[in-house]
Amino acid sequence: MFYNSNNFKVLEAGLKLTKLQQDIHLQNIANIETPGYKAKALVFKEILKEASNPKKIKAIRAAIVENENSSAQPDGNNVDYEVESIGLYKTYVQHSMLLDKISGEFDKYSYVLNCNMR
Amino acid sequence: MAFLGSLDIVGSALTAERFRMNVILQNIANEKTTVTENGEPYRRKQVIFQERPLSFKDELKKARGGVQIAAVVESDRDFKLVYDPSHPQADENGYVRYSNVDTTEERIDLIAASNAYDANLSALSVLKATIAKTLQMGGK
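This text gives an overview of the structure that appears in the document. All values derive from a computational prediction rather than experimental measurement.

1. Concerning the interface of chain A and chain B
Across the contact, 31 residues belong to chain A and 36 residues belong to chain B. Between chain A and chain B, a total of about 2700 Å² is buried, with carbon and sulfur atoms accounting for 65% of that surface. Three residues, Leu-26, Gln-27 and Glu-33 of chain A, lead the burial of chain A against chain B; their summed loss comes to 19% of the area buried on that side. Its salt-bridge partner being Arg-20 of chain B, residue Glu-33 of chain A comes within 2.7 Å of it at the nearest N-O pair. Inspection of the chain A/chain B interface yields 11 residue pairs in polar contact (both at pLDDT 80 or more). The set of elements that each furnish at least two residues to the side of chain A that touches chain B consists of helix H1 (6-30) and helix H3 (81-114) of chain A. Taken together, the residues of the side of chain A that touches chain B break down into 17 nonpolar, 7 polar and 7 charged.

Here's what the structure looks like:
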């Protein structure tokens, strides 16, 4: 019952999205020298709409868009390493924050479960 | 495998960049090679990278992605002709055909490959920190 709570669902969804975002940054950095590669980005608009009602979060449907506009290198690749690198670090911070929240949830339950013991 | 699948993305890039560096070094090493197995001078080799698609739809089930080597192609640029009649490989006019490698170009490519390798290494350190954090999930 505890583990079905919405808090866990939201945090889990957040972790999955952060993971996806991280993989996209890694993919972009991995393809920094691939001719014709277009930088990918995760679009959060529709996902946030879903997340505002936690009960609806069942599957994550992420919208991945390719950046066609930004100025490309002569070989058609438009990965910006600085942007990707900062974005990657951002996902790390976000991931850590979510993990701390999950720990916090478990702490709450263990506090409740132990309140008669001490 | 989703959890450790991200490592494959970085790993594939490190492998690809390392391979590219090897090819560049091979080119530089063979700059003065006048005869190869097929009888003509050494031809400059170039690595072609290709994206290994990341399946985002079921990303958490089977994480792939990264970069792969599509092909290693040989340059068909003209060989360098050097006048050196005393060379054993010289033709009847006294010219020796050397490889079509331009070392300046190769050195610049080497720097680019090395920088891309470093970029992936620093991405790897962030990823490692994330994984270490994840393993402590639920702890204090």
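2. Section: H1 of chain A
In this model, H1 of chain A (25 residues) spans 36 Å end to end at C-alpha, consistent with the 36 Å of a helix rising 1.5 Å per residue. Counting buried positions over the 25 residues of H1 of chain A gives 19, a clear majority of the element.

3. Details of the side chain of Thr-34 of chain A
Mapping Thr-34 of chain A onto the fold places it in the loop between H1 and strand E1 (40-43). Those residues within four positions of Thr-34 of chain A in sequence are excluded, and the remaining contacts are Asn-77 of chain A together with Phe-49, Gln-50, Glu-51 and Val-67 of chain B.

4. A closer look at the nonpolar core
Generally speaking, soluble globular proteins have nonpolar side chains that are buried together. The biggest cluster of nonpolar side chains holds 25 residues, and the ones touching the most others in it are Leu-26 and Leu-88 of chain A together with Val-10 and Val-67 of chain B. Those residues in contact with Leu-88 of chain A that lie beyond four places of it in its chain are Gln-22, His-25, Leu-26 and Ile-29 of chain A together with Ala-123 and Val-126 of chain B. Of all hydrophobic cores here, the second largest spans 7 residues; its members include Phe-8, Leu-15, Leu-99 and Ile-102 of chain A.

5. What to know about helix H2 (residues 103-135) of chain B
Between its first and last C-alpha atoms H2 of chain B spans 47 Å; for 33 residues at 1.5 Å apiece the expected length is 48 Å, and the two agree. At the N-terminal boundary of H2 of chain B, the capping side chain belongs to Asp-102 of chain B, with an oxygen 3.1 Å from the backbone nitrogen of Thr-104 of chain B.

6. Observations regarding a nonpolar patch on the surface
A cluster of nonpolar residues, Phe-19, Ile-69 and Val-72 of chain B, forms a patch on the protein surface that exposes about 200 Å² of accessible area. Its location among the elements puts Phe-19 of chain B in helix H1 (residues 2-29).

7. Remarks on the pattern of salt bridges
Considering all chains together, one arrives at 14 salt bridges over all chains under this definition. Note that Lys-40 of chain A is salt-bridged to Glu-51 of chain B, the shortest N-O span being 2.8 Å. Remark: Glu-51 of chain B occurs in strand E1 (residues 45-52) and Lys-40 of chain A occurs in strand E1; the pair is interchain, linking two chains. With relative accessibility at 10%, the residue Lys-40 of chain A sits in the buried group. Classification of Glu-51 of chain B as partly exposed rests on a relative accessible area of 22%. In this structure, Arg-20 of chain B and Glu-17 of chain B form a salt bridge, with 3.2 Å as the shortest nitrogen-oxygen distance.

8. So, the packing of aromatic side chains
Following the criterion strictly, the structure yields 4 aromatic pairs over all chains and no others. Seen in terms of ring centroids, Phe-8 of chain A and Phe-106 of chain A are 5.1 Å apart; in terms of plane orientation they differ by 50°. Their pairing is tilted. Linking Phe-8 of chain A in helix H1 with Phe-106 of chain A in helix H3, this pair joins segments that are 98 residues apart in sequence. In this structure Phe-106 of chain A comes out as partly exposed when scored by relative accessible area, which is 29%. A ring pair is formed by Tyr-83 of chain B and Tyr-95 of chain B, whose centres lie 5.3 Å apart and whose planes are at 65°; its orientation type is edge-to-face. Separated by 12 residues along the polypeptide, Tyr-83 of chain B in strand E3 (residues 80-83) and Tyr-95 of chain B in strand E4 (residues 95-98) bring together distant segments of the chain. Residue Tyr-83 of chain B is classed as exposed on the basis of its relative accessible area, which comes to 54%. Accessibility expressed as a relative area gives 37% for Tyr-95 of chain B, which makes it partly exposed. Clustering of aromatic rings is evident, with ring pairs tying together Phe-8, Phe-106 and Tyr-109 of chain A. Positioned above the aromatic ring of Tyr-98 of chain B, the side-chain terminus of Lys-32 of chain B is 5.0 Å from the ring centre.

About the cut-offs
- Residues numbered from 1 in each chain as written.
- Chains lettered and ligands numbered in written order.
- Predicted model: local features only at pLDDT ≥ 70, side-chain atom pairs only at ≥ 80, totals over all residues.
- Heavy atoms only, no water.
- Contact = heavy atoms within 4.5 Å.
- Buried area = accessible area lost by both parts, 1.4 Å probe.
- Salt bridge = Lys/Arg side-chain N within 4 Å of Asp/Glu carboxyl O.
- Polar contact = N/O pair within 3.5 Å; in protein donor to acceptor, adjacent residues only side chain to side chain.
- Helix = DSSP H or I, 4+ residues; strand = E, 2+ residues; numbered from the N terminus.
- Nonpolar A, V, L, I, M, F, W, Y, C, P; charged D, E, K, R; others polar.
- Expected span 1.5 Å × (residues − 1).
- Buried < 20%, exposed > 50% of the residue type's maximum accessible area, 1.4 Å probe, protein only.
- Core = buried A, V, L, I, M, F, W, Y, C linked by side-chain atoms within 4.5 Å.
- Patch = residues over 30% accessible without salt bridge, like charges linked within 9 Å, V, L, I, M, F, W, Y side chains within 5 Å.
- Areas by Shrake-Rupley, 256 points an atom, 1.4 Å probe, with all protein chains shown as cover.
- Phe/Tyr/Trp six-rings, centres within 6.5 Å; stacked < 30°, edge-to-face > 60°.
- Lys NZ or Arg CZ within 6 Å of the ring centre and 35° of its normal.

By themselves, these observations are geometric and do not establish any function.
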